[in-house]
Amino acid sequence: FTIKGYLAGIIVVVSAYIIAYLNAFADDVFPYTAWEVIFSTLLGIFYLGFFFKEDSWFNKNQPLSRRCLYFVVQFSLAFGVQLILRFSGMTWLITMPLVGSMANALPPLPRWIGYSAIVLGVYIPFAIRFSTETAVSITISVVAAMLFVALFSQLLRREGEAREEAERLATELESANRQLG
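Here we summarise the structure given alongside this text. Worth saying up front: this structure is predicted, and the values here are computed from it rather than measured.

**Quick word on the side chain of Arg111**
- Here Arg111 is to be found in helix α6 (residues 108–129).
- No salt bridge is formed by the buried Arg111, whose closest oppositely charged neighbour, Glu161, lies at an N-O distance of 11 Å.
- If we skip the residues at most four places from it in the chain, Arg111 touches Met102, Ala103, Leu106 and Gln154.

Written as structure tokens, this is what we have:
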């Protein structure tokens, strides 16, 4: 994972909190208790902590079960934050770093199961709290964001792999030129 990837993840997660709290301050009465704010913030810190340790979960020697466990833990933390903050604002944004990670770390079947869990984790609570129409509208936005993040993440990964291959070939060519010269 690159520094840009970590920075993007931090920005997205912090943005989700900012939007949720700004919406809360716009209400006549602040809707969260101090404990809810503290606990949701701690879950967010754990979420980002795992996010920063992502590389240790995804190195090439790790079995698929370990990678899937990472996503189960991360989804649970993200869903917990959304639940505590009552799915207000754009708290679903917190799941977008997971989408990018899934796009690069999981084979198709577990990846689509993860994507489905995120979509259902948004749709069902909004359908219960608001209405089916609201849930569908928000879910469409979430799916569009997920598509963008997944495609962009895969594009960045492929670009990185191509750059590494080009550097490897350049090194080999330089070595062959030295041997010839």
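Let us keep going from here.
**Some points on helix α5 (residues 96–105)**
- For α5, a buried count of nine out of ten residues is recorded, marking the element as mostly surrounded by other parts of the structure.
- Within α5, the full set of buried residues consists of Met96, Pro97, Leu98, Val99, Gly100, Ser101, Met102, Ala103 and Ala105.
- The inward-facing, buried residues of α5 contact α1 (3–26), α2 (34–52), α3 (54–58), α4 (64–84), α6 and α7 (132–180).

**Here's the deal with α6**
- Counted at 1.5 Å a residue, the expected span for α6 with its 22 residues is 32 Å, and the 32 Å between its end C-alpha atoms agrees.
- Along α6, the residues that are buried comprise Pro110, Arg111, Gly114, Tyr115, Ile118, Gly121, Val122, Pro125 and Phe126. An end-on view of α6 places all buried positions within 155° of arc, on one side of the element. Those residues of α6 that are exposed and aimed more than 90 degrees away from the buried face are Leu109, Trp112, Ile113 and Ile128.

**Considering the nonpolar core**
- Counting residues in each nonpolar core, the largest one holds 41 residues, and the members touching the most others are Phe71, Ile94, Met96 and Val99.
- Contributing elements (two or more residues each) for this core: α1, α2, α3, α4, α5, α6 and α7.
- The residues contacting Val99, other than those within four sequence positions of it, are Tyr115, Ile118, Met146, Val149 and Ala150.

**A look at the pattern of salt bridges**
- Applying the stated criterion to the full structure yields six salt bridges.
- Where Glu36 meets Arg86, a salt bridge forms, and the shortest distance between an N and an O atom there is 2.7 Å. Taken as a pair, Glu36 in helix α2 and Arg86 in the loop between α4 and α5 lie far apart in primary sequence, 50 residues in all.
- Linking Arg157 and Glu161 is a salt bridge whose minimum nitrogen-to-oxygen distance equals 3.1 Å. On the criterion of helical spacing, the pair formed by Arg157 and Glu161 is a turn pair, its members being four residues apart in helix α7.

Procedures and definitions
Residues numbered from 1 in each chain as written. Predicted model: local features only at pLDDT ≥ 70, side-chain atom pairs only at ≥ 80, totals over all residues. Heavy atoms only, no water. Helix = DSSP H or I, 4+ residues; strand = E, 2+ residues; numbered from the N terminus. Buried < 20%, exposed > 50% of the residue type's maximum accessible area, 1.4 Å probe, protein only. Lys, Arg positive; Asp, Glu negative; His and termini not counted. Salt bridge = Lys/Arg side-chain N within 4 Å of Asp/Glu carboxyl O. Contact = heavy atoms within 4.5 Å. Expected span 1.5 Å × (residues − 1). Arc of directions from axis to C-beta. Core = buried A, V, L, I, M, F, W, Y, C linked by side-chain atoms within 4.5 Å.

Read these as geometric descriptors, not functional statements.
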